[in-house]
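# An overview of the molecular structure
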Amino acid sequence: MKKIAVYPGSFDPITNGHIDIITRALRMFDELIVLVAYNPVKTSLFTVEERMALIRDVLIRDEQRLHVDCSAGLLVDYVRSRGANVILRGLRAVSDFEYEFQMALINRRLNRDVETVFLMTGYQWFYTSSNLIKEAASLGGSVKGLVPDAVLAQLQAKYNHQK
Ligand code: ADP
């Protein structure tokens, strides 16, 4: 049986921290679905389509085992609909832990066949979060090296446009 994992997140936008998790997960699973999980009433910098396009753009194009999708529904239902049974999440600081712990427990309660697997962040990406990156970029700070160049260009375009 194929080992298929779903990596859900806002990816608003994708960062090098996310890419590190994805690259490492591809060594553990046969297939990986990067899922832009969105809430239609929540505001985001990038639209769902823009986020998916950026993920596709920066990830290895000829990697057949990687898929990009979006969903606003219940995560465990999505996971089962794709024939997967693993939710993949990344852990940075202790501050991530409490929220991630709660999410893993509620998802297991909702569907006992779905397990959440955590990968520790690569130490270079310990402080990298989409929110901090947006905040720094919006104030004109350089986030080069924390996001792929394509994301950097899109961030600059968004914030220059808003000025
Ligand atoms: P963020 O928390 O950066 O806004 P997401 O909601 O898109 O990002 O996060 C999706 C998943 O990726 C979560 O499990 C989150 O903890 C993880 N993640 C985000 N940034 C990093 C990072 N720098 N290193 C490891 N995991 C990360």
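Parameters at a glance
- Residues numbered from 1 in each chain as written.
- Predicted model: local features only at pLDDT ≥ 70, side-chain atom pairs only at ≥ 80, totals over all residues.
- Heavy atoms only, no water.
- Helix = DSSP H or I, 4+ residues; strand = E, 2+ residues; numbered from the N terminus.
- Rg over C-alpha atoms; globule rule 2.2 N^0.38 Å.
- Buried < 20%, exposed > 50% of the residue type's maximum accessible area, 1.4 Å probe, protein only.
- Contact = heavy atoms within 4.5 Å.
- Near = heavy atom within 4 Å.
- Polar contact = N/O pair within 3.5 Å; in protein donor to acceptor, adjacent residues only side chain to side chain.
- 1 Å grid on protein atoms, 1.4 Å probe; cavity = no way out; pocket = protein on both sides within 12 Å on 5 of 7 lines; lining within 4 Å.
- Sits in = over half its atoms within 2 Å of the grid points.
- Pairing = 2+ DSSP bridges.
- Axes fitted to C-alpha atoms, helices over the stretch in contact; angles between N-to-C directions.
- Right-handed = clockwise from strand over helix to strand, strands pointing away.

### Describing the overall build of the chain
Scanning the chain from terminus to terminus reveals six helices and five strands. Put simply, the chain runs from its N terminus to its C terminus through helices and strands in the order β-α-β-α-β-α-β-α-β-α-α. The C-alpha radius of gyration computed for the chain amounts to 16 Å, which stays within 12% of the reference 15 Å derived for 163 residues, consistent with globular compactness. Seen through its C-alpha atoms, the chain measures out along the principal axes to roughly 50 × 35 × 35 Å. With 163 residues in all, the chain has 46% of them scored as buried. Of the contacts formed within the chain by residues at least 6 apart in sequence, a portion of 75% connects residues at least 24 apart.

### Concerning the environment of His67
Relative to the elements of secondary structure, His67 occurs in strand 3 (residues 66–71). You can call His67 partly exposed: its relative accessible area is 24%. It is 6.3 Å that separates the C-alpha atoms of His67 and Leu32, two residues lying 35 residues apart in sequence. The contact partners of His67, leaving out residues within four places of it in the chain, are Glu31, Leu32, Ile33, Val34 and Arg82.

### Remarks on the site of the ligand
In the vicinity of the ligand there are 18 residues, among which Tyr7, Phe11, Gly90, Thr121 and Trp125 approach most closely. Between an oxygen atom of the ligand and a side-chain N or O atom of Arg89, the distance comes to 3.1 Å. Contact between the ligand and Gly90: an oxygen atom at 2.7 Å from a main-chain N or O atom of the residue. Given that more than half its atoms are within 2 Å of the pocket grid, the ligand belongs to the largest pocket. Counting residues per element, the ones that place at least two in the shell around the ligand are strand 1 (4–9), helix 1 (16–25), strand 4 (86–91) and helix 4 (94–110).

### Concerning the sheet that holds strand 2 (residues 31–37)
Spatially, 3-2-1-4-5 is the arrangement adopted by the five strands of the open sheet, whose pairing is parallel. Every interior strand has two partners, whereas the edge strands, strand 3 and strand 5 (115–120), have only one. Sheet twist, expressed as the mean angle between neighbouring strand axes with direction ignored, is 30°. Summarising the sheet, strand 1 and strand 2 pair through six bridges and their orientation is parallel. Residue pairing in the sheet places Gly9 in a bridge with Val36 of strand 2. Its contacts with the sheet place helix 2 (residues 48–58) against strand 2 and strand 3, and it is angled at close to 170° to strand 3. Seen against the sheet, helix 4 touches strand 4 and strand 5 and runs at an angle of roughly 175° to strand 4.

### Details of the pairing of strand 2
Moving residue by residue along a regular strand, the side chains alternate between the two faces of the sheet. In terms of burial, strand 2 is largely enclosed, as six of its seven residues are buried. For the handedness criterion, the β-α-β arrangement of strand 1, helix 1 and strand 2 is classed as right-handed. As judged from the six bridges shared by strand 2 and strand 3, these two strands associate in the parallel manner. Its bridge partner being in strand 3, Ala37 is matched across the sheet by Ser71. Traced from strand 2 through helix 2 to strand 3, the parallel crossover comes out right-handed.

Geometry only, nothing functional implied.
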